[in-house]
Amino acid sequence: MGVTSGFRRLSTEDLSRLTEDAAAFESECRNYDTPDYLDMDKAGVELIFILDPLSMELDTTETEDTFPGLMDVLAGGAPVNEQIDLGYGPARVIPAESLRESLEEMASLTQEQFTELAMSNEILSEMLMCELEESMIQEYHWPYLQSLSEFLRESLDQGKTVIRY
């Protein structure tokens, strides 16, 4: 199976309570059978490589993100219960402003632009360790990006906090 990633939405009160109890926090995070969890499979990390090709470079600390809100959702956030490794390290709380910004960024991106961005990345197939085909981008990665957008919108509408792990 390997390591996958996902997002969880919690009320501010639940997050505060769970932050105080590491065992309860881990148990809650490992409950994947709830509509408040979005499984991103491996697409969660692969979307970073597609949307921010420079993230694959080791010497790009001076670059500017094309999708700063989305990159914060996919790769940023403040750690919670750092002692608990949930696959890609500890869970991270995503700022509400990043959620809003990422929704605007995703709404402005068409499937055609997304596919072109992926296909123009010369080292993406090496990073994904497979032959890169448009169908893979359109049938695997694009639907995950759309699911993420819907999940984040619902989370904001419900006034919930989003964590990534």
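Thresholds applied
Residues numbered from 1 in each chain as written. Predicted model: local features only at pLDDT ≥ 70, side-chain atom pairs only at ≥ 80, totals over all residues. Heavy atoms only, no water. Helix = DSSP H or I, 4+ residues; strand = E, 2+ residues; numbered from the N terminus. Rg over C-alpha atoms; globule rule 2.2 N^0.38 Å. Buried < 20%, exposed > 50% of the residue type's maximum accessible area, 1.4 Å probe, protein only. Contact = heavy atoms within 4.5 Å. Areas by Shrake-Rupley, 256 points an atom, 1.4 Å probe, with all protein chains shown as cover. Lys, Arg positive; Asp, Glu negative; His and termini not counted. Charge placed at Lys NZ, Arg CZ, Asp CG, Glu CD.

Looking at an unreviewed UniProt entry, one finds the protein chain named DUF1877 family protein, with Gimesia chilikensis as its source organism.

Draft legend 1. Focus on the overall build of the protein chain. Broken down by element type, the protein chain carries eight helices and five strands. Secondary structure elements of the protein chain occur, N-terminal to C-terminal, as β-α-α-β-α-α-β-β-α-α-α-α-β. Compactness check: the protein chain gives a C-alpha radius of gyration of 16 Å against a globular reference of 15 Å for 165 residues, within 12% of the reference. Overall, the protein chain is about 45 × 35 × 30 Å in size when its C-alpha atoms are taken along their principal axes. Going through the 165 residues of the protein chain one by one, you find that 42% of them count as buried. Sequence-distant contacts in the protein chain: of pairs separated by 6 or more residues, those separated by 24 or more amount to 74%. Summed over all atoms, the accessible surface of the protein chain reaches about 8,900 Å², with 47% contributed by carbon and sulfur. For the protein chain, the distance from the average position of its 10 positive side-chain charges to the average position of its 35 negative side-chain charges is 11 Å.

Draft legend 2. Focus on unusual backbone geometry. Non-glycine residue D41 carries a positive phi angle of around 50°. With respect to the helices and strands, the residue D41 is situated in strand β2 (residues 37-41).

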